[in-house]
Structure formats: structure tokens, C-alpha cells
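Overview (structure and organization)
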Amino acid sequence: MDALVIGAGPAGLMAADVLSAEGHKVFVCEAKPSVARKFLMAGKSGLNLTKNEAFAPFLAHFAEAAPHLRPMLVEFGPQEAIAWAESLGQEMFTGSSGRVFPKVMKASPLLRNWLSRLAAQDVEIRTRWRWTGGAYEFDTPEGRETLKPRVCVLACGGASWARLGADGAWANWLDAPKAPFQPANMGFVVEWSAHMARHFGTPVKNVTLCAGDQRIRAEFVISERGLEGGGIYAISRALREGAALTLDLLPDLSLEEIRSRLAKPRGKASRANHLRKSLKLSPEKQALLMEFGQPLPDDLAPLLKTLPVTHSGPRPMDEAISTAGGLTFAGLSTELMLNSQPGVFAAGEMLDWEAPTGGYLLTACLATGRWAGQGAARWLSEH
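Below is a short write-up of the structure. (Residues numbered from 1 in each chain as written. Predicted model: local features only at pLDDT ≥ 70, side-chain atom pairs only at ≥ 80, totals over all residues. Heavy atoms only, no water.)

1. A few points about the overall build of the chain
Which entries qualify depends on this criterion: Secondary structure is summarised from DSSP: a helix means a run of H or I of at least four residues, a strand means a run of E of at least two, and numbering begins at the N terminus for each. The cut-offs for exposure are 20% and 50% of the maximum accessible area for each residue type, with area from a 1.4 Å probe on protein chains only; residues under the lower value are buried, those over the upper are exposed, and the others partly exposed. Should any heavy atoms of two residues lie within 4.5 Å, those residues are counted as being in contact. Residue-level accessible areas treat just the shown protein chains as cover; the underlying method is Shrake-Rupley with a 1.4 Å probe.
Tallying secondary structure elements over the chain gives 13 helices and 19 strands in all. Along the first, second and third principal axes, the C-alpha atoms of the chain reach 85 × 40 × 35 Å. Counting only residues that meet the buried cut, the chain has 53% of its 383 residues in that class. Pairs at least 24 apart in sequence give 69% of the contacts found in the chain among residues at least 6 apart. A total accessible area of about 16800 Å² is found for the chain, and carbon and sulfur atoms account for 51% of it.

And the structure:
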């Protein structure tokens, strides 16, 4: 074969697409019984493919990895991701927040059309082929197999959601510079008091979450295990790195306005009813106030604006939406080839980068897969 791709997620399939479109014989090996399982899981919540925003703010979400990813995202950024999905028969729309989804709000039609295109380009996909390291040795349903490709693209994923295929096992044998895996876009553990149980599963809306120099107007969910949801994921890196979490439970009201409303006589009303009537403070916000604010001070206004939240750290890495860490860019060429293994390229979440949810993750996986596929194609033409 010309090219071997290990891993049939978005990055691996994109690399296979690029290589096969140039006429190369491509063989894709996937450890799981079916392809793109994490991609399909993302489709259950609508498949947020990308974020329709200007390039500079889009790139900034990749933090210190932005300079490395910049050329890849210049060639395959938000507009290119939309055009790519449309080329696979998907009508796309942009939501009010700028997030882009297929109108069918699921991933399966796009994947089905993509696999049809790969089949038409003679890409062979083998499932239940698990890479065991070494010289491209695989455990397969027919026994041990060893392949000898001219070039290889590794797209084995990070180290979260092992049941969907990304277990990070490759890090145990791949000889290349690596940064330790860390959870990204994850929830945080809270050991709740008993009174919080009735609020499990409740979204907390219209709050501002503060961590370090980040202030995010968003919502999150009180779960049995702790704090989860988009607002928490957006500041999860800062929290992971030690920043304190505070909540502004009333972001539309100033300290003075809160004090003024609370100063009104409450008569025989309970404190809970007074908070509800004077501030429209919802039951779940009141529960958080009681959980993290006791003993309550006489002047509640500052506490309502900066409620300190204590937690016990991130949820386990396998529960994270994505991971930081992986192959460092210092160990890769500008074409994403491993410096230690000529002719071997890497893409997707194997690389040491992280980004928030909101379309950034999928776009970068596709962009790096495309870039690695192009690099592999050039390698084949030169060797």
C-alpha cells in the first residue's frame, strides 16, 4: 500500500480523503468495530462543526498552540469547514452564538456521505484492527497482522472517552516527545450537602463565571457529581491550573441595586421568599448561596456578586470532552511529520493542543488531518 492511516476519526478520515484524492492507495485501520464514534457522539448534541467568526478571535482560542496551528487553520478554517460539509450534501446553519451546525442536527448523514466518497476513492477501512505498536503490528479478528506502508498518518486520538476509541495507549510505545495528558473541557467534582440533591440536573442560567482573568456569561448544570456544562467547560483550563472560581449570580444588577432591593421591608416573608421576590433569585441560585456562602453576612450583596465556589478538582480524564497534552510540536516538522520517524505524520487530538468547545475542536481535528495528509502525499511524491 502507499499510505496507512491509523485511526478513523475526523482527523484520520480527512488524511485518507486527501491522500486518496491524489490517487494514492490508502488503508485505514480502526481499533473499534465502527468508525468515527466520538464524531457520532458529538452529533447527538447537534454536531457543532465550527464557529462562524473572524479568523483572529477564532485562532486565539488555541492559546499557545495558535502559532503552530495557524497555517493549517488559514487553509481550513470556519468557512472551509462549512464548505466541506456542504460538499458532502449537508445544509448548514449558524446559530445566534455563531456556532455552526448541520440543519439535520446530527452527524450520521455527513459521515455516511463521507464514507461513500472514500469508498469511491478506493480507500480500504478495516475495523477491529488494533495497533499494538512496533513496526505497524495489529491485532485483528484474523490474528496478528504486520503492514508495510510507504507512509503513515497517525490519528489515534487523545486520552478521553476510551470506550469510543481514544484511550491514549499509543503514548506507551510511540518514541517521540510528548506532554502529559490532562483533561480539558471537563466537569469539576463537588461534594454536595444533602440539601442540594433536589437540584441535581438543574441548569443555572444567567450567571457570570469568573476564574483568573476570565469572565464568562454562560450557564452550567448542577449534577450529582459536581459542576458541568458549557460555562464550566469554558473556564476549565483556568480552574485546572489553580484559578479560584466565583459566581456572579446577578450579573444584570449592581451592588447598589441589590442592596437597595434587599433593604425593602420583608415583613413576615422568609428570607428565601424575600430573595425570590426582591431579586428574582431562583431556587437553584439560592441553594448555591446556602451551599457556598454560609455563614451568610448581613450585607449579602457582595456575596451574590462574587460567590466563592469550592470544588475537589476535575472529573476523571476519561470523562473529559477532550484532552490537553500529546505529541509536542517541538518533536514535529512543520508538516506534522515526526522528527524521530521520517515518513510518519500525526494529526488530531494526538497533538499537544487544546481549545474550548464551540466548534474549535472539530475544525482543528479536520484541519490537522488535512495538513498531515498533504504532507504525507508530498512525502510519497518525493520518495
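Having seen the structure, we can now continue with the description.
2. Observations concerning the side chain of H199
Its place among the elements puts H199 in the loop between β12 (188–189) and β13 (202–211). With near-sequence residues (within four places) excluded, H199 lies in contact with I222, P283, E284 and A287.

3. Brief notes about the packing of helix α1 (residues 10–21) against helix α6 (residues 108–120)
Selection criterion: Orientation is described by axes fitted as lines to C-alpha atoms, over the contacting stretch for helices, and by angles from 0 to 180 degrees between their N-to-C directions. Crossing handedness: left-handed means the near helix sits turned counterclockwise from the far one by under a right angle, and right-handed means the same turn made clockwise. Under the grouping applied here, Gly and all other residues not named as nonpolar or charged are polar, the nonpolar ones being Ala, Val, Leu, Ile, Met, Phe, Trp, Tyr, Cys and Pro and the charged ones Asp, Glu, Lys and Arg.
In contact at an axis separation of 10 Å, α1 and α6 are set at 35° when each is read in the N-to-C sense. Between α1 and α6 the crossing geometry is left-handed. Counted together, P10, L13, M14, A16, D17 and S20 of α1 and L111, W114, L115, R117 and L118 of α6 form the full contact between these two elements. Across the contact of α1 with α6, the residue classes break down as 8 nonpolar, 1 polar and 2 charged.

4. Section: the sheet that holds strand β1 (residues 3–6)
Definition in use: A pair of strands is treated as paired once DSSP finds two or more bridges between them.
Spatially, the 5 strands line up as an open sheet ordered β6-β2-β1-β10-β19, and their pairing is parallel. Bordering the open sheet on either side are β6 (124–127) and β19 (344–346), each of which pairs with just one other strand. When the angles between neighbouring strand axes are averaged without regard to direction, this sheet yields 20°. Bridge count for β1 against strand β2 (residues 26–30) is 4 bridges, and the pairing is parallel. Bridging across to β2, A3 finds its partner in V26.

5. Topic: the environment of W114
With respect to the element layout, W114 can be found in helix α6. Residues W114 and S87, 27 residues apart in the sequence, show an inter-C-alpha distance of 9.5 Å.

6. Comments concerning the packing of aromatic side chains
Aromatic ring pairs are described here by two measures, namely the spacing of the ring centres and the angle between the planes. For clarity, the threshold we go by: Pairs were defined over the aromatic rings of Phe, Tyr and Trp, the Trp ring being its six-membered one, requiring ring centres within 6.5 Å. Orientation was assigned from the angle between planes: stacked under 30 degrees, edge-to-face over 60, tilted for the rest.
Inspection of the entire model under this criterion finds 11 aromatic pairs. With centroids separated by 5.5 Å and ring planes inclined at 65°, the aromatic side chains of F27 and W129 adopt a geometry described as edge-to-face. Placement of F27 in strand β2 and of W129 in the loop between β6 and β7 (130–131) is noted, with a sequence separation of 102 residues between them. Per residue, the accessibility class of F27 equals that of W129, and both read buried. Members of the aromatic cluster, each reached through a chain of ring pairs, are F58, F62, W353 and Y360.

7. As for helix α4 (residues 66–75)
Worth spelling out the cut-off: Relevant arc is that of directions from the helix axis to the C-beta atoms, nothing else.
Regarding α4, the residues found buried are A66, L69, M72 and L73. The buried side chains of α4 occupy one side of the element, clustering within an arc of 125° when seen end-on. Buried residues along α4 sit in contact with α3 (55–60) and α13 (360–382).

8. Focus: the packing of helix α10 (residues 271–279) against helix α11 (residues 283–293)
Going by this rule: Roughly parallel covers angles under 35 degrees, roughly antiparallel covers those over 145, roughly perpendicular covers 65 to 115, and oblique covers all other angles.
Interhelical geometry of α10 versus α11 gives an angle of 130° and a closest axis separation of 11 Å. As judged from the angle between their axes, α10 and α11 are oblique. Considering only the axes of α10 and α11, their crossing is right-handed. Between α10 and α11, the contacting residues are R271, A272, L275 and R276 on the first element and Q286, L289 and M290 on the second. Residue composition of the contact of α10 with α11, by class: 4 nonpolar, 1 polar and 2 charged.

9. Some points on the pairing of strand β18 (residues 322–327)
β18 sits mainly inside the fold: 6 of its 6 residues count as buried. Taken together, the 5 bridges between strand β11 (residues 178–184) and β18 define a ladder with antiparallel strand orientation. Following the sheet pairing, P183 is matched in β18 by T323.

10. Looking at the environment of E75
Inclusion rule: Pairing of N or O atoms within 3.5 Å defines a polar contact, subject to two protein rules: one partner must be a possible hydrogen donor and the other a possible acceptor, and residues neighboring in sequence count only if both atoms are side-chain atoms.
If you trace the backbone, E75 turns up in helix α4. Between the C-alpha atom of E75 and that of S108, which follows or precedes it by 33 residues, the distance is 25 Å. Look past the residues within four positions of E75 in its chain and what remains in contact with it is E80, R370, W371 and Q374. Separated by 2.9 Å, the side chains of E75 and R370 make a polar contact.

11. Here's the deal with unusual backbone geometry
Omega for the bond connecting Q294 with P295 falls within 30 degrees of zero, at -5°, which places this linkage in the cis form. When you line up the elements, P295 lands in the loop between α11 and α12 (301–305). In this structure, L47 is a non-glycine residue whose phi angle is positive, near 60°. Tracing the backbone shows L47 in the loop between α2 (37–43) and β3 (50–51). A residue is classified by how much of its surface remains accessible, and L47, at 0% relative accessible area, is buried. Of note in this structure, M105 is not a glycine but carries a positive phi near 60°. Take M105: it is sitting in the loop between β5 (99–102) and α6. You can call M105 partly exposed: its relative accessible area is 36%.

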